[in-house]
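Topology and contacts: notes
Residues per chain are reported as follows:
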Amino acid sequence: MKRIFLILLVFAFFVFAQIWALFVTPPDQYMGEVQRLMYVHVPAAWNSFIAFFVVFISSIAYLIWKKQKWDRLAESAAEVGVVLTGLTLCLGSIWGRPTWGVWWTWDARLTTTAILFFLYVGYLTLRRFVQDRDPRARLSAPLGILIFLNVPVVYLSVRWWRTLHQIQSSPSTMSPDMVLSLRLNAFAFLFLLILFIYHRYQLRKLRDVSEDALMEEIR
Amino acid sequence: MNGIIEGAKEFLVAGYVLTWIVLLGYSFSLIFRHKKVSLRGTK
């Protein structure tokens with residue numbers, strides 16, 4: 001009961017943040033209404049970075065302590081991160097069409113984000129090729145550390161290669177109304193991220209228990 | 001620039017609808033997968 005209340009609370013906060021972004025925050029002077037896409041595009045991107053950082057930390061933790069819980073956490077965070085990165089790319093494309101005139105361009109930020117997406121899809125796909133839990137975790141952990149190197153590249157790509165995507169805005173260059181709306185939505189996405197990772201972790205745990213029970217029966 | 005952006009409200013709607021589809025879709029996928037594993041475990 002307490003868990004359902006918590007889930008409802010997270011979704012209610014998400015709805016509140018979305019309403020705030022759509023109806024309370026003023027539109028951008030130049031881009032108009034379409035700029036409101038920032039309040040979903042940017043939080044999705046930030047939180048995908050957080051998810052991949054969790055993969056990175058859990059992979060290191062697995063290599064140190066060799067506990068399955070770290071591998072479960074890495075797998076769960078990677079899956080949620082992939083969902084958010086996919087969403088970021090799609091929203092960027094929808095925003096790009098009316099502002100840049102194109103759905104896609106080989107801009108540094110877009111390209112590195114697409115690479116990031118495919119790296120983690122590859123990570124999750126490779127995991128499926130190994131059935132046994134321990135070898136799978138042993139092989140996945142170094143990969144989870146290695147592919148995280150692309151996250152700072154994505155973040156800094158707009159500074160390293162000055163292409164079409166704008167560089168990061170800071171609170172000093174934005175209207176306080178917009179900063180508030182962005183923060184609200186960033187936290188709404190963060191709570192959702194925690195909820196998703198937690199439930200994906202529980203799913204993997206249940207799967208492990210079910211597999212163990214099946215193996216016991218076979219024996 | 002404004003000429004391109006005017007009337008771009010449908011893109012805004014598309015973006016927010018897509019966000020909800022993805023997030024709700026993933027939530028339901030977690031629920032269904034959880035149910036599937038629970039059923040398999042009780043067989």
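For the structure itself, look to the data block above.
Here is a short report on the structure shown in this document.

Another aspect to go through is the packing of aromatic side chains. All names here are of chain A. Summed over all chains, the structure comprises 18 aromatic pairs over all chains. When the ring of phenylalanine 13 is compared with that of phenylalanine 16, the centres are 6.2 Å apart and the planes differ by 35°; the resulting orientation is tilted. You can see phenylalanine 13 and its partner phenylalanine 16 sitting in helix H1 (residues 2-24), three residues apart, about one turn around the helix. For the pair tryptophan 104 and tryptophan 106, a centre-to-centre distance of 5.4 Å together with 80° between the ring planes defines the contact as edge-to-face. Tryptophan 106 sits in the exposed class, given a relative accessible area of 67%. By the ring-pair criterion, three or more aromatic residues cluster together here, those being Phe13, Phe16, Trp20, Phe187 and Phe191.

This part is about the nonpolar core. Ranked by size, the top nonpolar core spans 58 residues in total, and within it Leu37, Val55, Tyr120, Phe189 and Leu192 of chain A together with Leu23 of chain B carry the most contacts. When contributions to this core are tallied by element, the ones reaching two or more residues are H1, helix H2 (38-65), helix H3 (68-100), helix H4 (108-129), helix H6 (150-160) and helix H7 (176-218) of chain A together with helix H2 (9-42) of chain B. Considering every element that reaches this core, the biggest residue donor is H7 of chain A, with twelve residues. Dropping the residues within four chain positions of it, tyrosine 120 of chain A is found in contact with Phe52, Val55, Ala78, Val82, Gly144, Ile147 and Phe148 of chain A.

Listed as interface residues are 37 residues of chain A and, on the opposing side, 26 residues of chain B. Summing both partners gives a buried area of about 2900 Å² for chain A against chain B, and 76% of it is carried by carbon and sulfur. The largest contributions to the chain A side of the interface with chain B come from Pro98, Phe196 and Leu203 of chain A, which together make up 18% of the buried area. Remark: the boundary between chain A and chain B carries one salt bridge. With a closest N to O distance of 2.7 Å, arginine 33 of chain B and glutamate 79 of chain A form a salt bridge. Scanning the region where chain A abuts chain B turns up four residue pairs in polar contact (both at pLDDT 80 or more). Looking at the side of chain A that touches chain B residue by residue, the class counts come to 25 nonpolar, five polar and seven charged.

Analysis parameters
- Residues numbered from 1 in each chain as written.
- Chains lettered and ligands numbered in written order.
- Predicted model: local features only at pLDDT ≥ 70, side-chain atom pairs only at ≥ 80, totals over all residues.
- Heavy atoms only, no water.
- Phe/Tyr/Trp six-rings, centres within 6.5 Å; stacked < 30°, edge-to-face > 60°.
- Helix = DSSP H or I, 4+ residues; strand = E, 2+ residues; numbered from the N terminus.
- Buried < 20%, exposed > 50% of the residue type's maximum accessible area, 1.4 Å probe, protein only.
- Core = buried A, V, L, I, M, F, W, Y, C linked by side-chain atoms within 4.5 Å.
- Contact = heavy atoms within 4.5 Å.
- Buried area = accessible area lost by both parts, 1.4 Å probe.
- Salt bridge = Lys/Arg side-chain N within 4 Å of Asp/Glu carboxyl O.
- Polar contact = N/O pair within 3.5 Å; in protein donor to acceptor, adjacent residues only side chain to side chain.
- Nonpolar A, V, L, I, M, F, W, Y, C, P; charged D, E, K, R; others polar.

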